[in-house]
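Structural characterization, general
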Amino acid sequence: MGVAGRGCPRAAPALLLLLLLLLLLLLTAAVPPYRGRAEGPPEDIDECENELNGGCVHDCLNIPGNYRCTCFDGFMLAHDGHNCLDVDECLENNGGCQHTCLNVMGSYECRCQEGFFLSDNQHTCIHRSEEGLSCMNKNHGCSHICMEAPKGSVACECRPGFELAKNQRDCILTCNHGNGGCQHSCEDTAEGPECSCHPRYKMHSDGRSCLEREDIALEVMESNTTSVADGDKRVKRRLLMETCAVNNGGCDRTCKDTSTGVHCSCPVGFTLQMDGKTCKDIDECQTRNGGCDHFCRNTVGSFDCSCKKGFKLLTDEKSCQDVDECSLDRTCDHSCINHPGTFTCACSEGYTLYGFTHCGDTNECSVNNGGCQQVCVNTVGSYECHCHSGYKLHWNKKDCVEVKGGLPTSLSPHVSLQCGKSGGGDRCFLRCHSGIHLSPGLQEAYSVTCGSSSPLRNKQQKSNDSAFGDVATVRTSVTFKLNEGKCSLKKAELFPEGLRPVLPEKHSSVKESFRYANLTCSSGKQVPGGPGRPNAPKEMFITVEFELETNQKEVTVSCDLSCIVKRTEKRLRKAIRTLRKAAHREQLHLQLSGVNLEVAKKSPRTSERQIESCAMGQDHGGNQCVSCRAGTYYDGAQERCILCPNGTFQNEEGQITCEPCPRPGSPGTLKTPEAWNVSECGGLCQPGEYSADGFTPCQPCARGTFQPEAGRTSCFPCGGGLPTKHPGATSFQDCETRVQCSPGHFYNTTTHRCIRCPAGTYQPEFGKNHCVSCPGNTTTDFDGSTNITQCKNRRCGGELGDFTGYIESPNYPGNYPANTECTWTINPPPKRRILIVVPEIFLPIEDDCGDYLVMRKTASSNSVTTYETCQTYERPIAFTSRSKRLWIQFKSNEGNSARGFQVPYVTYDEDYQELIEDIVRDGRLYASENHQEILKDKKLIKALFDVLAHPQNYFKYTAQESREMFPRSFIRLLRSKVSRFLRPYK
């Protein structure tokens, strides 16, 4: 049934309450408070209270001492300030129509090309299907909207402002849509809208338009052509005969009888001309830009302000405020920096920015082997250099030096774990003795590393080493999930009674030593509470990874190395079980540099909340916690950041130790405290130099070699017998290659030719001998890439959430990859429908629909289609799904690429269905730039969807906050919709 035939919908109490509150909000937002009657001038005369409606052909608005005319939607005020003229919406951006825009009186219509039909949003077009009787077949017979009905039949509906005809197929226009196609007055009859004109006008032969009557036009013309010679007679005649009762005294707008004749005046936005009768529109934009912060556009009797991209118009409809994109979810993977009108994203060390907002692990080993002399191993967010057997890592962590004499059979442990019974349960202490490194997390998370990990990456792996003998590395990792609390790496008072935090040997149930350990704490999602209940505390995850080595020394006649490994694994499983129990009892403790720290803590009750102390590695800086800067470290005893002592350095923030400078026995070469880099220690060989230990005296790199770093023990060969231009070369570009390779290529020193960078790599510079690996899981569409922007993430698709979410092209907001296919599904809970907003979508127009996005009920091409496009569409559009569930597919070909899309959706209670459809199908929602900006405002859409998905969240927003979100014109639109929807309940 169409809109006009709506019965009383069932409404849940929460829905009814929400709608009533929304209506009250909209009414109070639009109506200023009554301040009482002030003493002053005589009572205002209402010029609109006469048979001519103040001369206005549509609405007449009385204002103190004057009046003004306004027009219905789809019309604009003529220059005379009274008549209303049709607005041709098709002139601006094709009316938002995907194919053809047809202007009609008071409105416009979108039409589709052959082989397409108009979708429910009345703007985009969908491919037709030729098979079967369904809403995808052109013979479904519906004039406007086709809906699937039970048993394979179809049912028809009409757009807002139309009524369903008796044949249940056609739609009859009413005066509620585009004023019924009438220029002036419209009245609904059984045969349809009937048009009429204002008394000063007569009907055109088309039965819709109105023309000025000839006698009125003649009077105006005669008045304008009165000769100067007859001036005195005209003045006398006016004094004796003119009155406001006849032809409004000749005034364009307001007329007032005085003792000297009629007195004409003009409303706000117009100025009286020299003839004393005519009102002319004032171009407010010529004076101080109309008071607009950015752009001003003049209209008849008024003006409109708008803002630059990256700014939003405030409710005073003049001021522009910067949009803080960094306050929104999903803006940047790591760090976000807001700028006026824009923003930039930054990545943590060890990560590379791609797709404008995303961060992927940097593969340092892809560039000159990471600078490692022998083996380079990439890790997430970092990398490590390793050496072959018979060598050990130099202090610079990159070179390898030969080990002379025998190697020790075992290495001193860096980490120890001790657990025992205490207070009726298990208590564990994890102590880091050396190699401590802190990695502060982005949001309530951290990672602590102790010792150094083996380059072997399997859980168990042997290496037959003549110096070390048979060595097996055993690794284990476990994650504990705690239902509430937050990560907290802060000093803990473990034993207020004065007991030492050391468990007696005889009471220790677990005692292990490790060469490497990593403890990571991260907060999960917050569990939403029910109606009237606060949100539950966040989930928390603690991951602990251990690594230890067993060697030939532990082997006996009855137990070989494999047997030793099995025994070790059994001990570790027991340790993990004990560790899990201790973590759940909040009895897992960490000791770094002799300072006892809490790993995590439960969220305190409101009455127990205290002022938060700073985390480990941070000091108070004003009213906030600030990480200790490079060149300093956090002293746990003094609980503050202090300078690195002489002979040490620290090149990272937020650390709790300083690293000793190489060769500390030569203090003469060391610089002052606060060394922030190893080079600050002094005495290092500079780039282009080397020595046996990396310190002075140094030698320049020989011809045919180069060295880009300081403190190295050797130089890298150019390869292929290539010489360098001079001794002491610092980069491969100093090598005299036979050809210079352009970006996207690398120089092959074997063939002495330029080779295109393979897929998954890029090279932006000239004359390089390598290509850079794309960050993270990204790759390039083709070989020969020259820029990081050509590295794209191909991940997409999946089953989406029940209530809210995003449909996003891969690599968004960067360009999506070629030859990709993504499929999503939305399956709402029972009795919920889907609302989708497409703020904008960018697809290349050169590919003849090679890239497209389609939303339909199932994967079948004959199923009910809600939305389909293969074109760029910068105007926002909102629509409801034509089916209760959605199958969504995006495909791109090998041709051009584009930015793609980020489409938010929400599922809402089906009791809202008629109200939501009435709003999103109304062309006024998209008519103005300010309305369009609402649908592009991520913060506002998130708030609206939040309330639609969970109505109880309405109470999170104050009335003032809600009013500040919307421009007044949008409030007027919603008020009329909500009022009509609530009419059955009044």
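As the structure is a prediction and not an experimental result, all values here were calculated from the model. (Residues numbered from 1 in each chain as written. Predicted model: local features only at pLDDT ≥ 70, side-chain atom pairs only at ≥ 80, totals over all residues. Heavy atoms only, no water.)

**A look at the pairing of strand 55 (residues 745–748)**
Selection rule: Strands are labelled as partners when DSSP assigns at least two bridges between them. Secondary structure elements are taken from DSSP: a helix is a run of H or I of four residues or more, a strand is a run of E of two residues or more, and numbering for both begins at the N terminus.
Relative to strand 56 (residues 753–756), strand 55 is paired through 4 bridges, and the arrangement is antiparallel. Paired with tyrosine 747 across the two strands is cysteine 754, which belongs to strand 56. Linking strand 55 back to strand 56 in an antiparallel pair, the connection comprises 4 residues, with histidine 752 at a positive phi of about 55°.

**Topic: the sheet that holds strand 59 (residues 798–799)**
Ordered in space as 59-61-67-64-65, the 5 strands form an open sheet in which the pairing is mixed. Taken across any chain shown, the strands that pair with only one partner, and hence form the sheet edges, are strand 59 and strand 65 (865–869). With 6 bridges joining them, strand 61 (residues 821–826) and strand 67 (residues 886–891) adopt antiparallel strand pairing. Its bridge partner lying in strand 67, tryptophan 824 is registered against isoleucine 888.

**Topic: a positive patch on the surface**
Rule in force here: The residues that make up patches have over 30% relative accessible area and no salt bridge, and they are joined within 9 Å when like-charged or within 5 Å when they are Val, Leu, Ile, Met, Phe, Trp or Tyr. Areas reported here follow the Shrake-Rupley algorithm with a probe of radius 1.4 Å; residue values treat only the protein chains shown as occluding. Put simply, a salt bridge is a Lys or Arg side-chain nitrogen that is within 4 Å of an Asp or Glu carboxyl oxygen. Working convention for charge: Lys and Arg count positive, Asp and Glu count negative, and His plus the chain ends are omitted. Note on charges: their place is set at NZ of Lys, CZ of Arg, CG of Asp or CD of Glu.
There is a patch of like positive charges on the surface, built from Lys570, Arg573, Lys574, Arg577 and Lys581. Of note, arginine 573 is situated in helix 4 (residues 561–584).

**As for unusual backbone geometry**
For residues other than glycine, phi is negative in most cases, and the peptide bonds are mostly trans. Heads up, the condition is: Here's how the labels work: a residue is buried when its accessible area is under 20% of the maximum for its type, exposed when over 50%, partly exposed in between, all with a 1.4 Å probe on protein chains only.
The amide bond that connects threonine 696 to the next residue, proline 697, takes the cis arrangement and shows omega of 0°. Here proline 697 is to be found in the loop between strand 51 (689–690) and strand 52 (699–700). The peptide bond linking tyrosine 812 to proline 813 adopts the cis configuration, its omega dihedral lying at 5°. Backbone geometry places asparagine 368, a non-glycine residue, at a positive phi of 55°. The phi angle at asparagine 819 is positive, at roughly 50°, despite the residue not being glycine. For asparagine 819, the location among the structural elements is in the loop between strand 60 (804–808) and strand 61. For asparagine 819, a relative accessible area of 46% puts it in the partly exposed group.

**Quick word on the confidence of the model for the chain**
Worth spelling out the cut-off: pLDDT gives the predictor's per-residue confidence on a scale running from 0 to 100. Whether two residues touch is decided by their heavy atoms; if any such pair falls within 4.5 Å, the residues are in contact.
With 78% of its residues at a pLDDT of at least 70, the chain reaches an overall mean of 78. The least confident element of the chain is strand 37 (residues 460–465), whose mean pLDDT is 37; the most confident is strand 57 (residues 761–762), at 96. Under a pLDDT of 50 for its full length, residues 456–469 has, in the predicted model, 28 contacts with residues more than four places off or in other chains.

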